[in-house]
Structure formats: C-alpha cells, structure tokens
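Below, each chain spelled out in residue letters.
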Protein chains: 2
Amino acid sequence: MLPAVDTLETRELRYFVAVAEELHFGRAAERLGMAQPPLSRAIQQLERRLGVCLLQRDRRGVRLTGAGEVLLHEGRAALDATAAAVRRTRRAGGDDSPGGPRGRLVLAVKAAASHELLRKLLDAYAAEPDSAEIEVLLCGMCEQEELLRDGRADVALMHAPWNSLAGFDSEALTTEGQVAVLPAGHPLAARETLSLADVRDVPDLPLARWPTHGTYAPGPGPEIHNQTQLAQLIALGRTVAVVPDSARSWLWTEHAAVPLTDAPPVVTHLAWPAHSRSLTLAGLVRTAARL
Amino acid sequence: MLPAVDTLETRELRYFVAVAEELHFGRAAERLGMAQPPLSRAIQQLERRLGVCLLQRDRRGVRLTGAGEVLLHEGRAALDATAAAVRRTRRAGGDDSPGGPRGRLVLAVKAAASHELLRKLLDAYAAEPDSAEIEVLLCGMCEQEELLRDGRADVALMHAPWNSLAGFDSEALTTEGQVAVLPAGHPLAARETLSLADVRDVPDLPLARWPTHGTYAPGPGPEIHNQTQLAQLIALGRTVAVVPDSARSWLWTEHAAVPLTDAPPVVTHLAWPAHSRSLTLAGLVRTAARL
DNA sequence: CGCGGTGATACCTGCCGGGTATGACAGGGC
DNA sequence: GCCCTGTCATACCCGGCAGGTATCACCGCG
C-alpha cells in the first residue's frame, strides 16, 4: 500500500492536458517530445492516484469523462499560474529590495487599440517621480487575458464588453460610443446616425466578424484577422464594421463613419491579476486613476 | 550544458514556499518531512534554473529577495490552483456525462452568517427541477476566498466590504445596514440611532476587533475569535460591536441593537472562481439571481 | 485474413531525489 | 582566547522511478 498522495506534479498536469487536447496518446507524446508508452503509464498512474477515471478509451479513440473535463480546465489554470510564477520571478530578476519588488512592467495592448489613450497613460506615468520602465506588448484581439494569466504580461488595457474582466482587478479609464464604418459612397454613409438593425441587415454589405477567443461567430460576413484587412474590405465595398469611436483615427478617405445610436458603449479598463502586490503596478494604477 | 528548463515542478514550489515562510532551512525541511541537505540543494537548483537569486543567506538567517517575494506570492497561487485541480477533479468523481460535469457543490459560508438568506437560497435551489446536492462548508470570518482558491469549495457567500471579491465572479444578493450592539443597560442603548463616531469613542466600551485575513487591526478593544465570545463580552459590558442588521437574530436579552446612520452597507454576494464552467454552479447562480 | 493503427504491457537502464555524515563559518558564553 | 551551538553547504551513496525499446492485444478494414 503506497501512501495516497494528494498532490500532483506539474509534469503530470502537462501530460494530461496534452492528451486531453489531442485525444490521442501518440500525437500527445510527440508534442511532449517523448515516447507513447511512458505517457500511457503516467496517465494511468494519475488516474489511479486521483481515484478517478479521466479518459474513456474505447475502440478507435479517446474521449474525456466529466472529471477529465474538469481536470483539463483546472489543470490549464494551474499550469498558467505556474508559468506565471516563473516568468514574473525571472522578470523581478536581481531585485533584492525588501518590502515589495520594483521593476519593469509588461503592459499588454491589442495592436488595434487607440494609441491616444495609451500615449496619455504612458506619458503621465513617465512623468511620475519614481516611475519604472514599461514594456508595451502588442497582441491580438482577445489575448490579453491569457497574457495576464500566464505571466507574459503584468497589466493590460482591456475593452469591455469584448474582453471579460472576470478574475482580474480593474480600473475603468474611458467610455466611448461606437460607429459603423462603411464605404464612403454607400447610401447609408449619408445618414446622420444609424441603429444596429440598420447595419445588420444591409443586403449587399454583410457585417464583418472577428474572433472571440479564437472562434468566429457564424454569419455571412468575412472573417477579420487584422485591421488592415478590414480597412481594405470596407474600402472595396465588401463589408461593414462596427467599431469604437476612437477607431476613426485609422480610417481612410474611402471610409465613412456613422455614429450608432443603440450600440453598447465600449469601456477601456486597465486590468491586472487580482492578487498582484507589485508596487510598480500600484504606481501605474494610481496614475491611470487620475487621468 | 543542460537544457534550460522553463518549467517548474510542484514539488519545487512546495519546497520554496516552505523555506520562504519559515526563513529557516531546518524547520522548513522538518515541515516537509525530509532532511535539510536535499532541501538546500533543491533550492540551489531552483535558483540556478531560474537564473535568479531568491534568498539572501548571510550569517544568522535567511531573507527573501524581491524576486523571492514574487515567487512566494505567485507560487502560493500556483499551488492553490494545483490543489484546486485535484480536489475538483476528485469531486467530479465518476461523472462521465459529456458537455460539462454535474455533481455535488460545496458552498462555503461563514458560520456567523445569517441563516435566513442561506435557508432561502438552499430551499429555492432544492425546488429546481434538476438540482444537485449542496454541501454547506462552515468556515471562519475570512476563509471563503482561500477555500475557493484551493478548491475545497466551489462557491461561497461573501460579505462586502469584509470579503474581497477580487478574482471571483459574483452576484449580489442582499444589502443591509449595520447596527451597534451594546450592553442593554448602557446609556447609548436608549438612543434611536447612532453614528460610527459615537461608538468609536465610548471611553468605557472599546470597539471589538476581529481579524481580517488572520491579523488584527491595532486598537484597545478585545480580539474576537467567535460569535459566542463576542456576545459574552458585550453582555459583560466589556465591549461594543458593529455588526450587520441580520445579526439581530442571535442577540441576547442582555444586548441592545441601535441602527448606525453612517456605517457602510453590507452586501452579501454569491461568489465563485471566475473561470468556472460547472453547469451545476450555473444552476445555483440562476436560482440566486431570481431571489 | 493480413494490415495498419490504436493503446497497453513487459522489461531494462540511468538519472536524480533523498538519505547520512561532515564541513565551513559565525556568535555567544566562560 | 577557547569551545560549543546553530546555521547552511558539501560529499557521497543508494533506491525508485521516469523514460526508452520491443512487443502484445485489439479493432476496423480492404
């Protein structure tokens, strides 16, 4: 009778997450850079130690059980937390000042975000008496949450309602309306204002779709990967998009922006991990709150 | 040249957290049930692999560097997340239903909380068509956050502003005022209402103090560990306390409750880990939102 | 009935996590 | 000054286990 262990090594979590994502021991083993048999054994040991069946192996394939789904989610979170611990510790580097570390901050911002607010924030913070260096990490549309969770970033600019603030502390910075961006020559471009219903049902201009957390909502419109592509598609008269007011700064002369009366307002937040105790971060938040 | 690893085993985190908490290799090793030399070696390996100095060893003792403090905080979070993964997976047990697990929920409530709201919530949920079993876990004044983080609980009743909702999703349930609880015979007990200033400065009745996250604020009043002790001290005329309105249900005839005009309102929330995807939890939240 | 592809089993080996014994060094009595 | 005590680091050894290779058992399919 071996002692029943109630802990779980990072390695075992990595193995299980790989198998649960691939649903295939061979491919998972390859991804992990190891042979398949030890991986099979490791997962069996894991199941025995947890006393729980995680995978349903039957002919031709592997499926997750309910417990397996739970462990996949919770395990990813635990792996993220571990990776964050490593990254943030490394970033704190040779800092040996007591009473809370000071040091460089990594700020995650979507590349397409308004640079005006960012510039204002960075300038104001740089003017503070003992400000630290801030590294700006440009990312895609919905990556900020992941970057904060796994420690690649310390703080992020997020845009409600697209980004979820769940699990983070945050400070609201600005609120703005949204506009419809149309080809300049389109009949609707002449209107003073529009409603969401107006732009949703234009027969010749399907509404552009961008990914939320990696997946696209179904619809007739084109799938948008970056801002340049969107601008081009609008200019070509192939789509219409709903974007925040501040996006006007990147519009072309071939574009027209019409305010939307009933679109939900976009709130830009400064967000950071809920448990953070960095003094440097606190300074940045204080600056942001005064904007 | 060994391959630079950028991961970190749970075991190493446990070791470091133990040393960082004890600030003493010998005691930490004892706590971990191992000898001191391998622990020393493990920490050295950890420092080498991270490329960061975590501990300042000089004559007579060990201190944390800035990076060490970061790793202590982040490491605790990672260990909690790992423990949560184990507990929640075990709890999901033999559940093999696809599309999200169903199963028993653990609800954390402080023992001193009002039972009326809890009863209403549990009754309403039990009346739902496909409700699951709910295990109520009674805890101390500020433990709910920890219970949610390390997976011993799935959902909790929290009371703002005493509990911090940072890092959790939540749904506000009720708001109530606060009252001052005095010995029945005290002159102030005859008043219709009181202000915080009134009860803070009573010379013969120092304000009771209870712990926030394990530590007591400084002050002249007695340190409170549980509700019975508090009731006794008030009845004896040794202290006065500020408590939510609903606490009237446990008052004695020797007590008098006087409403406070300027005390912050107490909001009871249902709170759960931000990333939770349990269908059972969703059902409970839905029920709570309808209350 | 072979054949490809799956995960499980058997068995071996080398590494490393952990143990004991001991060293280096700083303080603190007397 | 001395030794004694308490601290962490070093040296060395050993056993278990993580990982590899070879192979099996099973299923579906042409």
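Higher on the page you've got the structure.
Below or above, wherever it landed, is the structure these notes cover. (Residues numbered from 1 in each chain as written. Chains lettered and ligands numbered in written order. Predicted model: local features only at pLDDT ≥ 70, side-chain atom pairs only at ≥ 80, totals over all residues. Heavy atoms only, no water.)

### As for the overall build of chain A
Counted only if it meets this: Runs of H or I in DSSP of at least four residues are treated as helices and runs of E of at least two as strands, each being numbered from the N terminus. Radius of gyration here uses only the C-alpha atoms, and the compact-globule reference equals 2.2 Å multiplied by the residue count raised to the power 0.38. Each residue is placed in one exposure class: buried if its accessible area under a 1.4 Å probe, protein chains only, is under 20% of its type's maximum, exposed if it is over 50%, and partly exposed if it falls in between. We call two residues contacting when some pair of their heavy atoms lies within 4.5 Å. In these tables, accessible area is a Shrake-Rupley quantity obtained with a 1.4 Å probe, and a residue counts as shielded only by the protein chains included in the view.
Within chain A, the secondary structure is distributed over nine helices and 10 strands. A compact globule built from 291 residues should have a C-alpha radius of gyration of about 19 Å, whereas chain A, at 24 Å, is more than 25% larger. C-alpha atoms of chain A, sized along the principal axes, occupy 80 × 60 × 30 Å. By the burial criterion, 47% of the 291 residues in chain A qualify as buried. Taking as baseline every contact in chain A between residues at least 6 positions apart, the subset at least 24 positions apart corresponds to 66%. Of the roughly 14200 Å² of accessible surface on chain A, a fraction of 52% belongs to carbon and sulfur atoms.

### What about unusual backbone geometry?
Residue and element names in this part refer to chain A. Here the amide bond leading from A160 into P161 is cis, since omega sits at 5°, within 30 degrees of zero. Relative to the assigned elements, P161 resides in the loop between β5 (155–160) and β6 (168–176). Here the phi dihedral of L23 falls at roughly 55°; this positive angle occurs in a residue that is not glycine. By the element assignment, L23 lies in the loop between α1 (10–22) and α2 (25–32).

### Topic: the protein's contact with DNA strand C
Put simply, the test is: Proximity criterion: a residue is near a molecule or strand once any of its heavy atoms comes within 4 Å of it. Here a polar contact means two N or O atoms within 3.5 Å. Within protein one must be a hydrogen donor candidate and the other an acceptor candidate, and residues neighboring in sequence count only if both atoms are side-chain atoms.
The local shell around DNA strand C holds 20 residues, among which H24 and R57 of chain A together with A35, R41 and R59 of chain B are the closest. The sugar-phosphate share of atoms of DNA strand C within 4 Å of the protein amounts to 67%. Take A35 of chain B: an N or O atom from its main chain is 2.8 Å from a phosphate oxygen of DNA strand C. Between DNA strand C and the protein, one listed contact pairs a base nitrogen with a side-chain N or O atom of R41 of chain B at 2.3 Å. Put simply, the parts of the chain that give the surface near DNA strand C at least two residues each are α2 and α3 (36–50) of chain A together with α1 (10–22) and α3 (36–50) of chain B.

### Remarks on the sheet that holds β6 of chain A
All names here are of chain A. To keep things clear, this is the line we draw: Should DSSP find at least two bridges between two strands, the strands are regarded as paired. Here the axes come from fitting lines to C-alpha atoms, over the contacting stretch only for helices, and the angles between their N-to-C directions go from 0 to 180 degrees.
Reading across from one edge, β4-β3-β5-β10-β6 is the order of the five strands in this open sheet, with mixed pairing throughout. Sheet topology places β4 (134–139) and β6 at the edges, where each strand pairs with a single neighbour. Looking at each pair of strands side by side, their axes are set apart by 25° on average, direction ignored. Lying on the sheet, helix α5 (residues 115–126) is in contact with β3 (105–110), β4, β5, β6 and β10 (266–273); it crosses β4 at an angle near 165°.

### Here we look at the relation of the copies chain A and chain B
The line we're drawing: Here the copies are superposed with least squares, the fitted atoms being C-alpha atoms of residues at a pLDDT of at least 70 in both.
Laying chain A over chain B is done by rotating through 180° and shifting 0.0 Å along the axis; what remains is an RMSD of 0.1 Å. Between the two chains, the operation in question is that of a two-fold axis. Within chain A, the C-alpha atom positioned nearest to the axis of rotation is that of G167 of chain A, 1.9 Å from it. Looking at chain A, 100% of its interface residues are interface residues in chain B too, so the copies touch through the same face.

### Overview of the side chain of Q144 of chain A
Residues and elements named next belong to chain A. By the element assignment, Q144 lies in helix α6 (residues 144–149). A distance of 2.8 Å separates a polar atom in the side chain of Q144 from the backbone oxygen of L157. In contact with Q144, not counting residues within four places along its chain, are A108, K110, C139, A156, L157, M158, H159 and N163.

### Structural notes on the nonpolar core
In plain terms, the rule: Side-chain atoms within 4.5 Å are what join buried Ala, Val, Leu, Ile, Met, Phe, Trp, Tyr and Cys residues into a set we call a nonpolar core.
Core analysis: the biggest nonpolar cluster contains 62 residues, and F16, L54 and L55 of chain A together with F16, L54 and L55 of chain B have the highest contact counts within it. Non-local contacts of F16 of chain A, meaning those with residues more than four positions away in its chain, are made with I43, L46, L54, L55, L64, G68, L71 and L72 of chain A.

### Regarding the pattern of salt bridges
All names here are of chain A. What counts is decided by this rule: Only one rule defines a salt bridge in this text: a Lys or Arg side-chain nitrogen within 4 Å of an Asp or Glu carboxyl oxygen.
In total, this model carries 38 salt bridges over all chains according to the counting rule given. Here R31 ties to E21 by a salt bridge, and the two come within 3.0 Å at their closest N and O atoms. Of this pair, R31 sits in helix α2 while E21 sits in helix α1, placing them 10 residues apart in sequence. Of the residues examined, R31 reaches a relative accessible area of 45% and is grouped as partly exposed. By sharing partners, the salt bridges in this structure join E21, E22, R27, R31 and R76 into a single network.

### Here's the deal with α5 of chain A
Residues and elements named next belong to chain A. To be explicit about the condition: Residue count minus one, scaled by 1.5 Å, sets the expected span of a helix. To be clear, the arc concerns the directions from the helix axis to the C-beta atoms.
For α5, spanning 12 residues, the distance from its first C-alpha to its last is 16 Å, which sits close to the expected 16 Å at 1.5 Å a residue. All of the buried residues in α5 are L117, L118, L121 and Y125. Angular distribution of buried residues about the axis of α5 spans 100°; they occupy a single face of the element. The exposed set on the far side of α5, more than 90 degrees from its buried face, consists of H115, R119 and A126. Buried residues belonging to α5 abut β3, β4, β5, β6, β10 and α9 (279–289).

### Observations regarding the sheet that holds strand β4 (residues 134–139) of chain B
All names here are of chain B. In space, the five strands of this open sheet follow the order β4-β3-β5-β10-β6, with mixed pairing throughout. For this open sheet the edge positions go to β4 and β6 (168–176), each flanked by a neighbour on one side alone. The sheet shows a mean angle of 25° between the axes of neighbouring strands, taken without regard to direction.

### Notes on the pairing of strand β10 (residues 266–273) of chain B
Residue and element names in this part refer to chain B. Judged by how many residues are buried, β10 sits mostly within the fold: eight of eight residues are covered. Pairing of strand β5 (residues 155–160) with β10 involves five bridges; the strand directions are antiparallel. Within β10, the residue paired with H159 across the bridge is T268. The sheet contact formed by β6 and β10 spans eight bridges and is antiparallel. Considered in β10, the bridge of T174 is made with T268.

Honestly, that's just the spatial picture; any functional story needs more than this.
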